[in-house]
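Summary of structural features
In case you want the letters, here they are:
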Amino acid sequence: MSLSIFSVQLLTGLAYGMLYFMIAAGLTIILGVMNIVNLAHGTLFLLGSYMAFTFMNQQFNFWIALLLSVAVTAVIGIIIEKLFIRQIYGKEFEQVLLTFGLAFVIADTAKWIWGTEPQTMAVPALLDSSISIGPMVFPFYRLFVVLIGCLLALLLWYFEKKLESARLFVQVWMTGQWFQLLE
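Everything in this summary refers to the structure shown in the same document. Just so you know, these numbers come straight off a predicted model, no measurement behind them. (Residues numbered from 1 in each chain as written. Predicted model: local features only at pLDDT ≥ 70, side-chain atom pairs only at ≥ 80, totals over all residues. Heavy atoms only, no water.)

1. Concerning helix H2 (residues 41-57)
- Here H2 contains 17 residues, and its C-alpha end-to-end distance of 25 Å stays within 8% of the 24 Å for a straight helix at 1.5 Å per residue.
- For H2, the set of buried residues is His41, Thr43, Leu44, Leu47, Gly48, Tyr50, Met51, Ala52, Phe53, Phe55 and Met56.
- Backbone geometry just downstream of H2 places Gln59 in the positive-phi region, at approximately 70 degrees. (Helix = DSSP H or I, 4+ residues; strand = E, 2+ residues; numbered from the N terminus. Expected span 1.5 Å × (residues − 1). Buried < 20%, exposed > 50% of the residue type's maximum accessible area, 1.4 Å probe, protein only.)

What follows is the structure, given as structure tokens:
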């Protein structure tokens, strides 16, 4: 195997690994800060992706579609938390059952709305290029995914190590223990 083929395979694995990392980071934060076992987390990621796809099909710019899809998915997540999950804080078994069921509901709703065929989005013009690695080429947008994943990792590290009080504040706020601080 040549060095260029190995390099492309390594970068491809790194890009997919960063996607998994970004999904897992959100799941870890929800479990670590809010103490919620959210098995529907991946389907919310799916929902955000389909939202971006829908916004782009409505002729929105990629970056606007990205921001809108994050906002819409966040609102849906907040609604799910307020209507369902808030009722079962501290009850891990019930959280598993509820979020597992929500995962099926969200996934089946996505199938109903967008179908079962794979959908693709156009790569934004800013990222629509490739770099040459010997005789091989590697898409620049995958390097962008690696960069975003690395930035997210640094940001999470910063919040974990440097802003311990902020993490504790969020944990106290989300668990409702802030009433005890007022007494």
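Once you've had a look at it, read on.
2. As for the side chain of Thr99
- Relative to the helices and strands, Thr99 resides in helix H4 (residues 92-114).
- For Thr99, a relative accessible area of 0% translates into the label buried.
- One polar contact links the side chain of Thr99 to the main-chain carbonyl oxygen of Gln95, over a distance of 2.7 Å.
- If we skip the residues at most four places from it in the chain, Thr99 touches Val37, Asn38, Leu39, Ala40 and Ile85. (Polar contact = N/O pair within 3.5 Å; in protein donor to acceptor, adjacent residues only side chain to side chain. Contact = heavy atoms within 4.5 Å.)

3. Digging into the nonpolar core
- Ranked by size, the top nonpolar core spans 20 residues in total, and within it Leu47, Ile80 and Trp114 carry the most contacts.
- Of all the elements in the fold, those that place two or more residues in this core are helix H1 (3-34), H2, helix H3 (62-83) and H4.
- Among the elements that line this core, the one with the most residues is H2, at 7 residues.
- With residues up to four places along the chain from it excluded, the contact list for Ile80 reads Leu44, Ile85, Leu102 and Ile106. (Core = buried A, V, L, I, M, F, W, Y, C linked by side-chain atoms within 4.5 Å.)

4. Here's the deal with the packing of H1 against helix H5 (residues 140-162)
- Two numbers describe how H1 lies on H5: the axes approach to 8 Å, and their chain directions differ by 35 degrees. Handedness of the crossing formed by H1 with H5: left-handed. Contacts between H1 and H5 pair Leu11, Thr12, Leu14, Ala15, Tyr16, Met18, Leu19, Phe21, Met22, Ala25 and Ile29 from the former with Arg142, Leu143, Val145, Val146, Ile148, Gly149, Cys150, Leu152, Ala153 and Leu156 from the latter.
- Classifying every residue of the contact of H1 with H5 by side-chain character gives 18 nonpolar, 2 polar and 1 charged. (Axes fitted to C-alpha atoms, helices over the stretch in contact; angles between N-to-C directions. Left-handed = near helix turned anticlockwise from the far one by under 90°. Nonpolar A, V, L, I, M, F, W, Y, C, P; charged D, E, K, R; others polar.)

5. Comments concerning the environment of Thr120
- Here Thr120 shows up in the loop between H4 and strand E1 (130-133).
- A residue is classified by how much of its surface remains accessible, and Thr120, at 67% relative accessible area, is exposed.

6. As for the pattern of salt bridges
- Applying the stated criterion to the full structure yields 2 salt bridges.
- Between Arg86 and Glu81 there is a salt bridge, with its nearest N and O atoms 3.3 Å apart.
- The partner of Asp108 in a salt bridge is Lys111, and the shortest N-O contact between them spans 3.9 Å. Here the residue Asp108 and the residue Lys111 both occupy positions in helix H4, the gap between them amounting to 3 residues, near one helical turn.
- The partly exposed category is assigned to Asp108, whose relative accessible area is 43%. (Salt bridge = Lys/Arg side-chain N within 4 Å of Asp/Glu carboxyl O.)

7. Description of H3
- Over its 22 residues, H3 runs 31 Å from end to end, which matches the ideal 32 Å to within 8%, given 1.5 Å per residue.
- Here H3 has its buried residues at Ala65, Ser69, Thr73, Ile80 and Glu81. Looking straight down H3, one finds its buried side chains confined to an arc of 135 degrees; they lie on one side.
- Where H3 is buried, its residues meet H1, H2 and H4.
- A distance of 2.6 Å separates the backbone nitrogen of Trp63 from a side-chain oxygen at the start of H3, and that oxygen is part of Asn61. (Arc of directions from axis to C-beta.)

Functional significance is not addressed by these values, which are geometric in nature.
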